[in-house]
Amino acid sequence: MEAAPTATAAGVVRRGTVRHVRPLAAALVLTAVLSAAGAGAATAAGSTVRLPVLPARVDAGKPCTAGSDQRAADVPWEQVSLQLDRTWQVASGTGVTVGVVDTGVSATAPALKGRVTAVGDAGTDCVGHGTFVAGLVAAAVRDGVRFAGVAQQARILAVRGSDARGAVTAERVAAGIRAAVEGGAQVVAVSAALGSDTAGLRAAVALAQKKDVLVVAAAVPDEPATATSQSPPARDYYPAADDGVLSVLDVDVDGARPAGAYTTDSAQLAAPGDGVVGIGPAKDGHYIGSGASLAAGFVAGAAALVRSVHPELTAAQTASLLRSSAYPADVPRLDPYAAVTSVLTATAAAPDRDAAAPGAPVRMPADQAAGPLRRALWPASAGLAVIVAVVWAGLVIPRGRRLGWRPSARRSAAAAGPAGAGGGPEA
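Cut-off values and rules
- Residues numbered from 1 in each chain as written.
- Predicted model: local features only at pLDDT ≥ 70, side-chain atom pairs only at ≥ 80, totals over all residues.
- Heavy atoms only, no water.
- Pairing = 2+ DSSP bridges.
- Helix = DSSP H or I, 4+ residues; strand = E, 2+ residues; numbered from the N terminus.
- Axes fitted to C-alpha atoms, helices over the stretch in contact; angles between N-to-C directions.
- Buried < 20%, exposed > 50% of the residue type's maximum accessible area, 1.4 Å probe, protein only.
- Polar contact = N/O pair within 3.5 Å; in protein donor to acceptor, adjacent residues only side chain to side chain.
- pLDDT = per-residue confidence, 0-100.
- Contact = heavy atoms within 4.5 Å.
- Left-handed = near helix turned anticlockwise from the far one by under 90°.
- Nonpolar A, V, L, I, M, F, W, Y, C, P; charged D, E, K, R; others polar.
- Phe/Tyr/Trp six-rings, centres within 6.5 Å; stacked < 30°, edge-to-face > 60°.
- Lys NZ or Arg CZ within 6 Å of the ring centre and 35° of its normal.
- Core = buried A, V, L, I, M, F, W, Y, C linked by side-chain atoms within 4.5 Å.

**What to know about the sheet that holds strand 7 (residues 116-118)**
Step number 1: Ordered in space as 7-8-6-9-10-11-12, the seven strands form an open sheet in which the pairing is parallel. Strands with a single pairing partner mark the edges of an open sheet, and in this sheet they are strand 7 and strand 12 (269-272). Taken pair by pair, the neighbouring strands of this sheet meet at an average axis angle of 30°, ignoring direction.
Step number 2: Relative to strand 11 (residues 245-251), strand 10 (residues 214-218) is paired through four bridges, and the arrangement is parallel.

Encoded structure:
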C-alpha cells in the first residue's frame with residue numbers, strides 16, 4: 001500500500017516515496033501532491049497551477065488515462081537545467097527517428113501531431129507513460145505553453161514494450177527493441193528496468209549495435225513498490241546494464257538522487273527525472289512524473305540532436321560524446337548544449353564504422369577571435385619598434401657623443417685587423 005504524501009517546508013513528498021523537490025531560483029519547481037479527493041496533482045511553485053500525476057500502469061477494469069486540462073504555463077526546471085533554449089539555436093533533431101519502447105504513444109497527442117509512426121497498435125496509449133516519454137523526447141511548443149521536448153523536429157516510432165495496461169516482461173521489451181530497430185529508428189528509448197537479463201534482451205541489443213542504433217535505457221526502475229527512506233542495495237538492471245546500452249539515472253532539481261530510490265553502480269549518465277513536466281495522451285494539458293524512465297527520455301532526445309548535427313558518428317560515438325560533454329559528477333549529468341556544440345577531432349569526425357572507437361574524443365571550440373587578434377598585433381608591434389628606434393636615435397646617441405663615448409681599444413683593434421686574424425693580448 002502506498003504511503004500518503006507528507007508536506008514539508010522544503011516542498012512536498014511524492015506519493016509512495018520520500019522524494020523532496022526544493023525550489024530553485026529562476027526555475028519552475030513542480031511538486032507532486034494529492035488533492036483532497038485523492039486524485040494526483042502537482043503544484044507549480046509560486047503559482048496556482050496543478051497538474052495530475054502520471055501513472056505507471058492502469059489496473060484492469062480502471063479507465064484509461066485521460067488528457068489533462070491543466071497546463072504548465074512557466075518553463076519547467078528541467079528545461080532550464082538542460083539549457084534547451086540555447087541548444088535549440090544549434091540543433092532540432094530533424095531527420096532522426098526515436099523509437100519509444102513503452103506503453104505506446106498516442107498518435108493524436110497534439111504536441112506530437114504528424115510525427116508519430118506506430119508499430120501495430122502502439123499508436124494508442126491507455127496508460128499515458130509512453131506518450132509522456134515521447135513528449136520529453138520530441139514535443140513541439142504549443143500556443144501559450146512553454147514546455148517542449150528536447151528534439152522538437154525528431155520523429156517518434158511508437159513501440160509497445162508492455163501490454164496495453166503497462167505490465168512489462170523481458171520478452172515484450174526485447175520484441176519492442178527489435179521492432180524499433182527494424183522500423184528504422186536511429187535512437188531507441190527503453191523505459192523498463194528489469195531485475196534479470198535474458199538471452200532475448202541481449203540478442204535485441206546486439207541487433208541494435210549491428211544496425212548502428214543507440215539504445216538508451218533507464219538504469220533502475222522508477223520507484224520501489226513500498227515507501228522507504230533507505231535505498232535498496234545497488235545492483236544492475238536490464239537492458240540498461242547490457243553492453244552497448246547507454247544507462248541513465250534520474251536526478252532532482254539539485255542534482256541529487258531521491259531518498260529511497262533504486263540504485264546501481266553501472267549508470268553512465270544522469271538527467272532530470274524527479275518532478276518533471278510532460279504531455280498526456282490527449283489534449284494540450286500536462287502531467288508530472290518521476291523516475292529513471294523519464295531521464296532516459298531526455299537523454300534519447302539529446303542523442304537525436306547529436307545524430308542530427310553529426311550524422312557521421314556511429315551510435316557508440318554518439319553515446320561517448322554525450323558522456324564526455326556531460327557535467328562532471330559521480331554520474332556525469334547530461335549537457336545537450338555542450339554535446340551539440342563540441343568540435344570533433346578528425347578521428348571522431350570520420351569514423352571507421354566497421355571498427356568504431358569506443359570513445360569519440362572532443363575538444364571545445366577554438367577562440368575565433370584569436371587569429372584576428374594576432375594579426376592585429378603585428379602592425380602594433382612594428383610601430384612600437386619604430387618608436388623605440390626613433391627615441392634611441394634622437395636621445396641616446398647625441399647624449400653619448402656629448403659624454404665622449406668611444407669604442408674600446410679591443411673593439412677598435414678587432415675592427416682594424418683582417419677578418420679571422422689572431423691578435424696578441426693588449427699591453
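**Overview of helix 7 (residues 315-324)**
Step number 1: Along helix 7, seven of the 10 residues are buried, which leaves the element largely enclosed by surrounding structure.
Step number 2: Inspection of helix 7 places Ala-315, Gln-317, Thr-318, Ala-319, Ser-320, Leu-321 and Leu-322 among the buried residues, and these make up the whole buried set.

**Side note on the pairing of strand 9 (residues 187-190)**
Step number 1: Here strand 9 shows no split at all, with Val-187 and Ala-189 on one side and Val-188 and Val-190 on the other all buried.
Step number 2: Two strands pair when backbone bridges link them, and strand 6 (residues 97-102) and strand 9 are joined in this way by four bridges, in the parallel orientation. Within the sheet, the bridge partner assigned to Val-98 lies in strand 9 and is Val-187.
Step number 3: Relative to strand 10, strand 9 is paired through four bridges, and the arrangement is parallel. Counterpart to Val-187 in the pairing with strand 10 is Leu-214.

**Remarks on the side chain of Asp-222**
Step number 1: With respect to the helices and strands, Asp-222 occurs in the loop between strand 10 and strand 11.
Step number 2: A polar contact of 3.2 Å, which involves the side chain of Asp-222, links it to the backbone nitrogen of Ala-292.

**Some details on the confidence of the model for the protein**
Step number 1: When the pLDDT values of the protein are averaged, the result is 78; 68% of them are 70 or greater.
Step number 2: For the stretch residues 1-48, pLDDT sits under 50, and the model shows 120 contacts to residues farther than four places along the chain or on other chains.
Step number 3: Every residue in residues 349-382 scores below 50 in pLDDT, and together they form 36 contacts with partners more than four places removed in sequence or on other chains.

**Let's talk about the packing of helix 3 (residues 129-138) against helix 6 (residues 292-309)**
Step number 1: For the pair helix 3 and helix 6, interaxial distance at closest approach is 7 Å and the crossing angle is 35°. Judged by the sense of rotation from one axis to the other, the crossing of helix 3 with helix 6 is right-handed. In this structure, helix 3 uses His-129, Phe-132, Val-133, Leu-136 and Val-137 to contact helix 6, whose residues at the interface are Ser-293, Leu-294, Gly-297, Phe-298, Ala-300 and Gly-301.
Step number 2: Its residues placed into classes, the contact of helix 3 with helix 6 shows seven nonpolar, four polar and no charged.

**Observations concerning the packing of aromatic side chains**
Step number 1: As enumerated under the stated definition, the model contains one aromatic pair in all.
Step number 2: The interplanar angle of 70° and the centroid separation of 5.8 Å between the aromatic rings of Tyr-237 and Tyr-262 together place this pair among those described as edge-to-face. With Tyr-237 in the loop between strand 10 and strand 11 and Tyr-262 in the loop between strand 11 and strand 12, this pair connects stretches of sequence that are 25 residues apart.
Step number 3: On the basis of relative accessible area, Tyr-262 is assigned to the buried category, the value being 19%.
Step number 4: Over the aromatic face of Tyr-337 sits the side chain of Arg-86, whose NZ or CZ is 3.8 Å from the ring centroid.
Step number 5: Across the ring face of Tyr-237, the terminal group of Arg-235 is positioned such that the distance to the ring centre comes to 4.9 Å.

**Brief notes about the nonpolar core**
Step number 1: Counting 64 residues, the largest nonpolar core has Leu-112, Ile-156, Val-216, Val-299, Leu-322 and Leu-334 as the members making the most contacts within it.
Step number 2: Residue contributions to this core peak at 11 residues, all from helix 6.
Step number 3: With residues near it in sequence (within four places) discarded, Leu-322 still touches Leu-246, Leu-269, Val-299, Ala-302, Ala-303, Val-306, Leu-334 and Ala-339.
Step number 4: Counting 25 residues, the second largest nonpolar core, distinct from the first, contains Val-173, Ala-174, Ile-177 and Ala-217.

**Considering the pairing of strand 6**
Step number 1: The buried count for strand 6 comes to six of six residues, which makes it a mostly enclosed element.
Step number 2: Alignment of strand 6 against strand 8 (residues 155-160), held across six bridges, turns out to be parallel. In the strand pairing of strand 8, Thr-97 is matched with Arg-155.

**Here we look at unusual backbone geometry**
Step number 1: Residue Pro-239 is reached from Tyr-238 by a cis peptide bond, and omega for that bond is 15°.
Step number 2: Within the fold, Pro-239 resides in the loop between strand 10 and strand 11.
Step number 3: For Gln-83, which is not a glycine, the phi torsion comes out positive at approximately 55°.
Step number 4: By the element assignment, Gln-83 lies in the loop between helix 1 (77-81) and helix 2 (84-87).
Step number 5: Classification of Gln-83 as partly exposed rests on a relative accessible area of 22%.
Step number 6: Although it is not a glycine, Lys-283 adopts a positive phi angle of roughly 65°.

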